[in-house]
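Overview (structure and organization)
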Amino acid sequence: MRKINFTIVFLLFLISSKNYAQCDIKNRVLADGTMTYYFEPANFYTTESKSLKINIVTDKEHFFISLQPSPFPAKKDGVKIKDDLVIHLADKNIYKLTHYDTQYRNNDSVMQVLYLIDEKDIEAFSKFEAVVAEINMQGTEFVRNYDFKLHKDAIVKQLACFLKKDDK
């Protein structure tokens, strides 16, 4: 009986820690002094030849989708990426996110492209899974399409964490 009680308590602890970990918001101060909040990127798409990681970044005023494509173009070509992101959600609608910034981080070993989520689209992104992203990878090829296979609900979960924090 004692082992069963211990097992139940242990399982409850694991479940609650997993729920807490889903809202493990990190922060970073940018060079201009702006504080940004973000999650560790989640894998959305992986094959032998390419992958895409994605996460939500916010300055508490605006929400951005951050994409980390791999392979990514060299810096001289990557800074040419200025087109908007087209993303299809499970509600069967297509959303266009404005290109905000292209950055190379960690000694240029990671490329990150930020796209601004329009305020009117926040509700849709917080309810519906991502299905497909279309990215114009200027300088390397035309448009890359990513049919999301993994963690389709990462955007929904991450936005829920930020929006829940904002409500408090």
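For the structure given in this document, a descriptive report is provided here. Bear in mind that the values here come from a model prediction, so they are computed numbers and not experimental data. (Residues numbered from 1 in each chain as written. Predicted model: local features only at pLDDT ≥ 70, side-chain atom pairs only at ≥ 80, totals over all residues. Heavy atoms only, no water.)

1. Topic: the nonpolar core
Short version of the rule: The criterion is simple. A nonpolar core is a set of buried Ala, Val, Leu, Ile, Met, Phe, Trp, Tyr and Cys residues joined through side-chain atoms within 4.5 Å. A 1.4 Å probe rolled over the protein chains alone gives each residue an accessible area, and that area as a share of the maximum for its type sets the label: buried under 20%, exposed over 50%, partly exposed in between. Numbering of helices and strands runs from the N terminus, with a helix taken as a DSSP run of H or I at least four residues long and a strand as a DSSP run of E at least two residues long. When checking whether two residues touch, look at their non-hydrogen atoms; a contact exists if any pair is within 4.5 Å.
If you look at the biggest cluster of nonpolar residues, it comprises 35 residues, and the most contacted ones within it are Ile-65, Ile-87, Leu-97, Phe-125 and Ile-155. Among the elements that take part in this core, helix α4 (residues 154-167) stands out by supplying five residues, more than any other. With sequence-adjacent residues up to four places away left out, Leu-97 is seen in contact with Ile-65, Asp-84, Leu-85, Ile-87, Tyr-115, Leu-116, Ile-117 and Phe-125.

2. Observations concerning the pairing of strand β10 (residues 143-147)
In summary, the side chains of a regular strand alternate between the two faces of the sheet. Our working definition: Strand pairing follows a simple DSSP-based rule, namely that at least 2 bridges must link the two strands.
Side-chain alternation along β10 places Arg-144 and Tyr-146 on a buried face and Val-143, Asn-145 and Asp-147 on a face that remains uncovered. As defined by bridge partners, strand β9 (residues 130-136) adjoins β10 across five bridges and the pair is classed as antiparallel. Bridge pairing links Glu-134 to Asn-145 in β10.

3. Notes on the environment of Gly-78
Here Gly-78 lies in helix α2 (residues 75-78). Under the relative-accessibility criterion, Gly-78 is labelled buried at 0%. Once you skip the residues sitting within four places of it in the chain, Gly-78 turns out to touch Pro-73, Thr-102, Tyr-104 and Met-111.

4. With respect to the pairing of β9
Relative to β9, strand β6 (residues 85-89) runs antiparallel, the two sharing four bridges. Its bridge partner being in β9, His-88 is matched across the sheet by Val-132.

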